[in-house]
Every structure is written in structure tokens, then in C-alpha cells.
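A structural walkthrough
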Amino acid sequence: MTPSATVLGFPAYMKRLYAFTLVVLALSGFAQMPIFKRYYIADVPGLGWLAQYYVTHVMHYLGAALLLGLVAYAVAGWLAGRPRPRLTGAGAVRAALLVGLIVTGVLRVIKNFSGVYMSADWIVFLDMLHIALVLAYVMAAIWAAAGKKRWTTQP
Amino acid sequence: MPSISRRHFLKGSMAAACGLAVSRGAEAADGGGGEPLATLLDIRKCVGCEACVLACQETNGHKYPQPKKPYPKMYPSRVKVSDWSDKQDVTDRLTPYNWLFIQHATVTIDGEETELNIPRRCMHCVNPPCVKLCPWGAARQEPNGLSRFDPNICLGGNKCGEVCPWDVPQRQTGVGLYLDLLPSLAGNGVMYKCDRCYDRLARGELPACIEACPEGVQTIGPRSQILAEARRIADEIGGYIYGAEENGGTNTIYVSPVPFEEINRGSEYGPGRPHMEPVEDQMKLGNRLAAAMVLAPLAGAGAAISRMMRAAQGPEEDKTATDSAPDEGRDRP
Ligand code: SF4
Ligand code: SF4
Ligand code: SF4
């Protein structure tokens, strides 16, 4: 069967889930650096977990799984959409950054398996790239939100 | 008591199987066939002479921190200076200037109170959390199973120290890259620990502590052979093994005549003095979740397809799939 004149929508709860996922990823991601304890953020009641590295490690993985699920949902819907929605410029920028984040993230997850050796230079490069992509995505998201820019338009 | 002598062990397995021989070059200094090298420490043999401790200091002294004083003031005030530069002669614990120390445990063997001497240093975990969780890539693991920190990149945040189940990495303030960045606001020096004499191994030489020991306490070789030898000794003496399973397995295997609970009871532990308790694989939960990450995109794509199929078959039944489409992405970050 081929769906005709059907475009996958994102109900409000899914948009909230996406925003929640990004917040979890950003918090647990920056918590990988030893800054939250130093700067008293982990002292805020309810945020103590931010200073527990194994907790934030697992949180980041859970957030990544959620993100992968949501991205796959969007991509599958986009590919199967009839007519296929067109990515806007703002959508394309964010999509490219997301792809970069996912690729570097997946490589870092692979690195964490037992018996996987990555050269030090490669690890440093991946770390820096992952952080740079996050910062770029945050800026792109703010730019898109400020300009009320959409991800896709109908052809 | 039969045990493989250092010389014999080296000749028989190490040189042959792992080719520490210079002929195979530095990059070949692993356990052969991609297998890591592990060390075996026969606790019975150690007399506590500290020749190994001295050898480590003499060999690796040039890697020790040389901090510049006064140290930059750090903010906020809760950030404490870790300064061992005036206590470089401390040898009864791990410090940035002492990567190996002899732990003493009072135990009872055959009804007789006995003191065991246990050389302690980094365990060189098979999957080292200190390396894998370092946020900068300052920590590295080499295919021959050793882990070490790059003093030129490390910022001294002590994350490795916190995630290490044995509290092995030790910090020295006033050295390293952080001084060139924002020394008041981020970083606090460099972390130090046993690097298993990576440079000597690369040259085809033994780690200094192994070479210096007059009692042949330590042997080094491919991990499977080291484990087999550890089990053989343990079987022979009715002994116990530590390090084979701990934290998912380490490349430092201790054999003891008494259970490690007894060693734990009979010794002092604390900062810089690692315990010998059972340790769960710290990376296990995360790595299991990684499997869930493979399923997540399948679930997401499946949900999208089934939703669209329902919408295509009966738009009335599933209005959202099409109705919300014009809104798509409007308020998403
Ligand atoms: S014992 Fe600690 S410092 Fe050594 S490899 Fe394991 S986690 Fe790293
Ligand atoms: S292996 Fe080398 S660095 Fe490690 S304790 Fe022995 S001498 Fe020191
Ligand atoms: S040199 Fe050998 S016998 Fe002496 S303390 Fe070190 S391991 Fe023990």
C-alpha cells in the first residue's frame, strides 16, 4: 500500500518530548565536564545527580536513545510523506547539525565498549567536534525559534 | 613452589607471543593477536622491600609534575589546591609523585598472624572508566591494555579520579594546560598515575617495577596466559584471585593465599590507598543501554509508518497525522 496525500504530523506532545530530550541531552552532556559541582549547580536541590558521572553518563545514553527514536520518526515520516515535505533552510541547517551530533555521538558510544581502542588524536577530535556541534545547534535553534522558522514546507 | 620465573616467562611467552623484542617494533608491544598484556602479582612472594617503588620513581621521575608557584587563585573558593610538590617523599600511598606503593595487610595463615605486602598501583582495567569517561580525550588506552594520561592535555578536573573504582589517579595543581586557558575558572592541574612504563614497553623493555623486584613478584604477558597462570597458582595453593573479574576485568591480576575479604579487613584504605573489594563493571549499564539505542530508531520509524498507514487508510480515524502537518516543526527548538 502507498499512502497518498498523507504527511506525518507532530502532535504537541511530541514537540514537547523533543524539547525535553534536548534539555536532558544538553544537561547530562555538559555534566560530563567537571563543572556542575564546582559551580554549585549540583547543590541545587534536585540537581545533585548532575555531579554523579555514572548517572549523567546513563542519562545521556537514555536521552540519545530518545533522540534517535524521534529523529527516526521524523525521517521516516518525511521519506514516506506524499507529497514529500521540503526542508527549509533553517530545517536543513539543524538537520545537518543533528546528523553530525548523532554520528559523533554514536562513535563515542562505540568507543566506550570494552576492547575498542581509538587513537588519542581521534578521541580528542571527536570530543571537540561533538561539543562544537552542540554549540552550533543551540545557536541554530535560537535563531530558528526567534525567526519562527519551520523545519519543512509543503511543496 | 613451581612458578614461571621472570626470565623463563619472558622468553617462553612474552618474547614469542607478544614480540616485545625490538625487532617487531614499538607498535607490536601488545599481547599478540590484539590481546592486551596483563601483569600477575603473586602476593606471597613480596617482602615489602620497596625496590619496585624506588625503581618506579627513578624511571618515571622525569614525568612527575613540576608546578610553578604561587598557584593561580581558583574560583569559587570550594576548589581546593592539590599540592604534593612538598611531599614528594611520601611512599605509603599513591600521589602524583608516587605511582606505586606497598600496602600491608595483617592476615592469619594456618593459624599464624602474618603480614602480607601488596604492591598497589593502577589496575589497568580492560575497559577503563578513567579513559572512556574523560571528557577531553586526555586519557588514553593503548591496544596493549595500558592506560595513561596525557599531561599536555589533562586539565585536572579529577573526573577520572571519581570514576575510578580504586581512586587511583592523583592530582597536582599548578601544572598543565589549564594554566594557559582560564586557570581561575576551569581546571586544576594534571592527573597522574602508573602508565605501566609505556615508553619502556614500546622499547621492548620491562616495566621498571617488574625488572627491579628481587623476588620476581610480578610477571607480564598476554592476558590469557597470565590468567591461566594465576588460576594454576590459585589451584595449587588453594588461593584467591583479584582483578580478573573486577570492574569487568583488569590487566592486573593478584594471587593471594587468603581471601581478599580478609586482606581488606587487615589493611588500611582511604584516599590514595585502594581497596580490594569486589567491583561491579562500572561501564556495564551504559553499554547495555547502547543496545537500546539500536532499537530506538527502529521503534521511531515503525511508529511513523504505522501512523501514516492508519492516516492513509482512514483519515477520519487519525486526524492528527494530517491535521497537524501544517504546524509541523513550528515551535520545535
Ligand atoms: S584502575 Fe582506575 S585509573 Fe587504573 S585503569 Fe582502572 S579506572 Fe583507570
Ligand atoms: S609499571 Fe612503571 S609506572 Fe607503573 S608502577 Fe611499575 S614502574 Fe611505575
Ligand atoms: S620489589 Fe618486589 S619484593 Fe620488593 S616490594 Fe616491590 S614487589 Fe615486593
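Residues numbered from 1 in each chain as written. Chains lettered and ligands numbered in written order. Predicted model: local features only at pLDDT ≥ 70, side-chain atom pairs only at ≥ 80, totals over all residues. Heavy atoms only, no water.

Re the overall build of chain B
Each helix and strand counted, chain B has 10 helices and 10 strands in total. Scored against the burial criterion, the 333 residues of chain B give a buried share of 55%. Of all intrachain contacts in chain B linking residues separated by at least 6 positions in sequence, the fraction that spans at least 24 positions is 64%. For chain B, the computed accessible surface area is about 14,300 Å², with 53% contributed by carbon and sulfur atoms. (Helix = DSSP H or I, 4+ residues; strand = E, 2+ residues; numbered from the N terminus. Buried < 20%, exposed > 50% of the residue type's maximum accessible area, 1.4 Å probe, protein only. Contact = heavy atoms within 4.5 Å. Areas by Shrake-Rupley, 256 points an atom, 1.4 Å probe, with all protein chains shown as cover.)

Section: unusual backbone geometry
Residue and element names in this part refer to chain B. Cis geometry marks the peptide bond from Lys-69 to Pro-70, where omega comes out at -5°. Phi angles above zero are rare outside glycine, and Asp-110 is one such case at about 50°. One can find Asp-110 in the loop between β2 (101-109) and β3 (112-120). Here Asp-110 falls in the exposed class, since its relative accessible area comes to 79%. Positioned with a positive phi, Arg-196 is a non-glycine residue whose angle comes to about 50°. Looking at where Arg-196 falls in the secondary structure, it is placed in the loop between β7 (190-192) and α5 (198-202). With relative accessibility at 3%, the residue Arg-196 sits in the buried group.

A short note on the sheet that holds strand β8 (residues 218-222) of chain B
Residues and elements named next belong to chain B. On the basis of which strands lie adjacent, the open sheet formed by 4 strands has the order β8-β1-β10-β9 and mixed pairing. Each of the sheet's edge strands pairs with one partner strand only, and the pair in question is β8 and β9 (240-242). Looking at each pair of strands side by side, their axes are set apart by 25° on average, direction ignored. In this structure, strand β1 (residues 37-42) lies alongside strand β10 (residues 252-256), joined through 4 bridges in parallel fashion. Each bridged residue has a counterpart across the sheet, and for Leu-41 the counterpart in β10 is Tyr-254. (Pairing = 2+ DSSP bridges. Axes fitted to C-alpha atoms, helices over the stretch in contact; angles between N-to-C directions.)

Remarks on the site of ligand 1
Taken together, 14 residues lie near ligand 1, and Cys-122, Cys-125, Cys-130, Ser-147 and Cys-164 of chain B sit nearest. For the shell around ligand 1, the class distribution of residues is 11 nonpolar, 2 polar and 1 charged. (Near = heavy atom within 4 Å. Nonpolar A, V, L, I, M, F, W, Y, C, P; charged D, E, K, R; others polar.)

Here we look at the packing of helix α1 (residues 12-30) of chain A against helix α2 (residues 53-80) of chain A
All names here are of chain A. The contact between α1 and α2 brings their axes to 9 Å, and the two run at 145°. When the axes of α1 and α2 are compared, the crossing they make is left-handed. Together, Met-14, Leu-17, Tyr-18, Thr-21, Leu-22, Val-24, Leu-25, Ser-28 and Gly-29 of α1 and Thr-56, Met-59, His-60, Gly-63, Ala-64, Leu-66, Leu-67, Leu-70 and Tyr-73 of α2 make up the contact between the two elements. Classifying every residue of the contact of α1 with α2 by side-chain character gives 12 nonpolar, 6 polar and no charged. (Left-handed = near helix turned anticlockwise from the far one by under 90°.)

As for the interface of chain A and chain B
Taken together, the contact pairs 59 residues of chain A with 64 residues of chain B. Both sides together, the interface formed by chain A and chain B hides about 5,500 Å², and carbon and sulfur atoms give 63% of it. Counting the contacts that link chain A with chain B gives 0 salt bridges. For the pair chain A and chain B, the number of links is 9 residue pairs in polar contact (both at pLDDT 80 or more). A per-element tally of the side of chain A that touches chain B places α2 of chain A first, with 15 residues. (Buried area = accessible area lost by both parts, 1.4 Å probe. Salt bridge = Lys/Arg side-chain N within 4 Å of Asp/Glu carboxyl O. Polar contact = N/O pair within 3.5 Å; in protein donor to acceptor, adjacent residues only side chain to side chain.)

What about the domain arrangement of chain A?
Residue and element names in this part refer to chain A. Here chain A is described as being made up of domain 1 (1-84) and domain 2 (92-155). Between domain 1 and domain 2, the residue contacts involve 13 residues of the former and 12 residues of the latter. The junction of domain 1 with domain 2 conceals about 920 Å² of combined surface from both sides, 73% of it contributed by carbon and sulfur atoms. Among the residues of domain 1 in contact with domain 2, Tyr-18, Phe-30 and Tyr-61 are the three that bury the most area, contributing 37% of the side total. For the interface between domain 1 and domain 2, the tally reads 2 residue pairs in polar contact (both at pLDDT 80 or more). Only α1 and α2 provide two or more residues apiece to the side of domain 1 that touches domain 2. When residues of the side of domain 1 that touches domain 2 are assigned to their parent elements, the largest contribution, 7 residues, is made by α2. Residues of the side of domain 1 that touches domain 2, tallied by class, amount to 10 nonpolar, 2 polar and 1 charged. (Domains from an automatic or database assignment.)

Section: the packing of aromatic side chains
Counted according to the given criterion, the structure contains 5 aromatic pairs over all chains. Taking the centre distance of 5.6 Å and the plane angle of 20° together, the rings of Trp-122 of chain A and Phe-125 of chain A count as stacked. Highlighted residues: Trp-122 of chain A and Phe-125 of chain A, both in helix α4 (residues 120-146), separated by 3 residues, approximately one helical turn. A ring pair is formed by Tyr-64 of chain B and Trp-99 of chain B, whose centres lie 5.3 Å apart and whose planes are at 65°; its orientation type is edge-to-face. With Tyr-64 of chain B in the loop between α2 (51-60) and β2 and Trp-99 of chain B in the loop between α2 and β2, the pair connects residues that are 35 residues apart, well separated along the chain. Every member of this aromatic cluster is reached through a ring pair, and the members are Tyr-64, Tyr-97 and Trp-99 of chain B. (Phe/Tyr/Trp six-rings, centres within 6.5 Å; stacked < 30°, edge-to-face > 60°.)

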